[in-house]
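Fold and geometry: a report
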Amino acid sequence: MDALLRLFRTTSSRPDASVRPGVFHRFERLQRLGLIGFIALFLVLALMALMQNGRSGQVMQAHEQAQALVGEINQLRGRLLDIEDALRIYQTTDNPALLRLRMRCEPPCPRAAALQALGVEPAQRVLFARIAEWESTLGPLLQQALDGGPATAPLPLPAIAHMRRLLLEAEEVELSRLRWHDEIRRTQNTYLQLVLGATLLLALVGGLLLQQRTRALVQAGLRAEKALEEASLRDPLTGAYNRRGLDQHLERLLRDARRQQQPLAVLALDLDGFKAINDNHGHAAGDTVLREIVARLHGTLRAEDLVTRPGGDEFVVALQAPVDEAQAWATAQRLLQAVSRPLPLPGGATARLSASIGLAQFPRDGGCAQALLAAADTASYAAKRGGKNRICVAGESSVAFVPGALRRVC
Ligand SMILES: Nc1nc2c(ncn2[C@@H]2O[C@H](COP(=O)(O)OP(=O)(O)OP(=O)(O)O)[C@@H](O)[C@H]2O)c(=O)[nH]1
């Protein structure tokens, strides 16, 4: 009971009106309400079944009693008919032996006293008492006839006829009682069928509603799971992929490149002098610059290329296969130019930056993500050490590109 009350209190507690309930919250509420509804339905049904059972028991008992009475009445009526026949024969033949023969019955002979013992209704009890009364009047007269008394008078034929009428009346009462019991049972059955039908319908509607909400919940859950998974692969500041996103997507690009047997390029890009922007204009300005750099990388690359920010002011770009060295080199140049354009800062100021890029290529500089990234990183350090604002090719650390010149030794 305590658990039920606690459940009800939780269900009826109003959520904060300013917070729009989400699909999970709504489902939880529906589930609790559904549970309470089903418990209530079950209790009502159990109560009704108990009441119905009690009522059916009473009706059954009354029915059996009425049937027993009808049986007794019929036996008594049959017996009276036998006596009446015997008396008529006796009247015409004057032979007491015939009378005795017809009046014999198998013990226990039906008696009006048995009706009294069975009767329940006060009105019936009065009627049965009258039958018993007539029976006791009849007894001595019959005995008199049997003992060889006068054959004509006073033969108790009218008394017998009267008793038979009373029995018919009693039987009619019992038969109408039986019909009434049948009617009650039919009504009870219809009522039970209606209740069961309504319960089934309710359960069906509830089940369908629950199924529909469960589907919505599962879909919302799947969407949330996907969004969470996607968010865990992204850098919250710039929206670019983070280290996890880089690992996952670079693996995918490498799988495709291996399958197609085509070259793929990885560029490790490290901003030059980024710390100065933080120092001179504040961390928020640095964040703005990082976001702008990511936007420029995306603007320079194809949609299928990968832009990631594994950390700080370092970016890794993967160019989807097929990309040969000349194309990768040209893309790296465009990236240098994009980074070097003036960067607007909050407050109206502008900043200028450059980058050091290391270029590695699959399969030449590494057959796996780890080897390729290491090669691109090493080349990027080489570019940094070589004077920044340049591109160094992995494995060819003597080859570099500086804007304004064609190729120069790092
Ligand atoms: N605003 C901002 N700054 C960051 C973030 N992550 C790292 N940094 C800063 O980026 C700077 C990176 O350091 P460095 O690479 O040594 O700075 P740098 O001036 O580019 O040095 P070089 O690469 O040698 O040119 C540090 O000052 C970090 O505090 C960030 O999310 N937002």
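As the structure is a prediction and not an experimental result, all values here were calculated from the model. (Residues numbered from 1 in each chain as written. Predicted model: local features only at pLDDT ≥ 70, side-chain atom pairs only at ≥ 80, totals over all residues. Heavy atoms only, no water.)

Moving on, we get to the packing of aromatic side chains. By the definition in use, this model includes zero aromatic pairs. Just above the ring of Tyr 241 sits the side chain of Arg 234; from NZ or CZ to the centre is 3.9 Å. (Phe/Tyr/Trp six-rings, centres within 6.5 Å; stacked < 30°, edge-to-face > 60°. Lys NZ or Arg CZ within 6 Å of the ring centre and 35° of its normal.)

By the element assignment, Arg 296 lies in helix H9 (residues 283–300). A polar atom in the side chain of Arg 296 sits 2.8 Å from the side chain of Glu 292. What Arg 296 contacts, discounting residues up to four positions off in sequence, is Ala 338, Val 339, Arg 341, Pro 342, Leu 343 and Pro 344. (Helix = DSSP H or I, 4+ residues; strand = E, 2+ residues; numbered from the N terminus. Polar contact = N/O pair within 3.5 Å; in protein donor to acceptor, adjacent residues only side chain to side chain. Contact = heavy atoms within 4.5 Å.)

This paragraph deals with the UniProt feature "transmembrane region" (unreviewed entry) in the protein. Look at the UniProt record and you will see "transmembrane region" (unreviewed entry) annotated at residues 33–51 and 191–210. Between the C-alpha atoms that bound residues 33–51 there is a distance of 27 Å. The span itself is 100% helix and 0% strand. This span, residues 191–210, is 100% helix and 0% strand, and a straight line between its end C-alpha atoms measures 28 Å. (UniProt positions renumbered as here; feature names shortened; annotations may be inferred.)

This paragraph deals with the confidence of the model for the protein. Predicted confidence across the protein gives a mean pLDDT of 84, with 88% of residues reaching 70 or more. Per-residue pLDDT stays below 50 along residues 7–19; that stretch engages in ten contacts with residues further than four places along the chain or on separate chains. This stretch, residues 404–410, has a pLDDT under 50; its non-local contacts, to residues over four places away or in other chains, come to 22 contacts. Across the assembled chains, the prediction reports ipTM 0.98 with pTM 0.60. (pLDDT = per-residue confidence, 0-100.)

Before going further, it helps to examine the pattern of salt bridges. Following the criterion strictly, the structure yields 19 salt bridges and no others. With its nearest N and O atoms 3.9 Å apart, the salt bridge here joins Arg 244 to Glu 229. Linking Arg 244 in helix H7 (residues 243–260) with Glu 229 in helix H6 (residues 157–232), this pair joins segments that are 15 residues apart in sequence. Of the charged contacts in the structure, one is a salt bridge between Glu 292 and Arg 296, with a shortest N-O distance of 2.8 Å. Residue Glu 292 and its partner Arg 296 are located together in helix H9, separated by four residues, close to a single helical turn. Because the salt bridges share partners, they merge into one network encompassing Asp 270, Asp 272 and Lys 384. (Salt bridge = Lys/Arg side-chain N within 4 Å of Asp/Glu carboxyl O.)

Turning our attention to the side chain of His 249. Along the polypeptide, His 249 turns up in helix H7. We classify His 249 as buried; its relative accessible area is 13%. At 3.5 Å, the side chain of His 249 and the side chain of Tyr 241 are in polar contact. Once you skip the residues sitting within four places of it in the chain, His 249 turns out to touch Leu 233, Tyr 241 and Leu 306. (Buried < 20%, exposed > 50% of the residue type's maximum accessible area, 1.4 Å probe, protein only.)

Attention now goes to the site of the ligand. In the vicinity of the ligand lie 17 residues, with Gly 273, Asn 278, Asp 287, Arg 309 and Asp 313 positioned nearest. Within the contact set of the ligand, a nitrogen atom lies 2.8 Å away from a side-chain nitrogen or oxygen of Asn 278. Burial of the ligand by the surrounding chains reaches 66%, relative to a free accessible area of 650 Å². Secondary structure elements with two or more residues in the shell around the ligand: strand S1 (264–272), helix H8 (274–281) and H9. Residue classes in the shell around the ligand are distributed as four nonpolar, five polar and eight charged. (Near = heavy atom within 4 Å. Areas by Shrake-Rupley, 256 points an atom, 1.4 Å probe, with all protein chains shown as cover. Nonpolar A, V, L, I, M, F, W, Y, C, P; charged D, E, K, R; others polar.)

Looking now at the layout of surface pockets. Volume-wise, the second largest pocket comes out at about 170 Å³. In terms of lining residues, the second largest pocket is bounded by Leu 30, Gln 31, Leu 33, Gly 34, Leu 35, Phe 38, Leu 202, Val 205, Gly 206, Leu 209 and Leu 210. Of all the elements in the fold, those that place two or more residues in the lining of the second largest pocket are helix H2 (23–93) and H6. With six residues, the top contributor of residues to the lining of the second largest pocket is H2. In terms of residue class, the lining of the second largest pocket is made up of eight nonpolar, three polar and no charged. (1 Å grid on protein atoms, 1.4 Å probe; cavity = no way out; pocket = protein on both sides within 12 Å on 5 of 7 lines; lining within 4 Å. Points joined across faces, edges and corners; volume = space filled by probe spheres on them.)

Judged by which residues are buried, strand S7 (residues 390–393) turns out to be covered on both faces: Arg 390 and Cys 392 on one side and Ile 391 and Val 393 on the other are all buried. In this fold, strand S6 (residues 354–362) hands off to helix H11 (residues 369–385), which returns the chain to S7; that crossover is left-handed. (Right-handed = clockwise from strand over helix to strand, strands pointing away.)

So, on to the nonpolar core. Counting residues in each nonpolar core, the largest one holds 34 residues, and the members touching the most others are Leu 269 and Leu 271. Breaking this core down by element, the ones donating at least two residues are S1, H8, H9, strand S3 (314–319), helix H10 (325–340), S6 and S7. In this structure, Leu 271 is in contact with Leu 290, Ile 293, Asp 313, Phe 315, Val 339, Leu 353, Ser 354, Ala 355 and Lys 384, ignoring residues within four places of it in sequence. In terms of nonpolar packing, the next biggest core, distinct from the first, is built from 26 residues, Ala 268, Ala 360, Ala 375 and Ala 394 among them. (Core = buried A, V, L, I, M, F, W, Y, C linked by side-chain atoms within 4.5 Å.)

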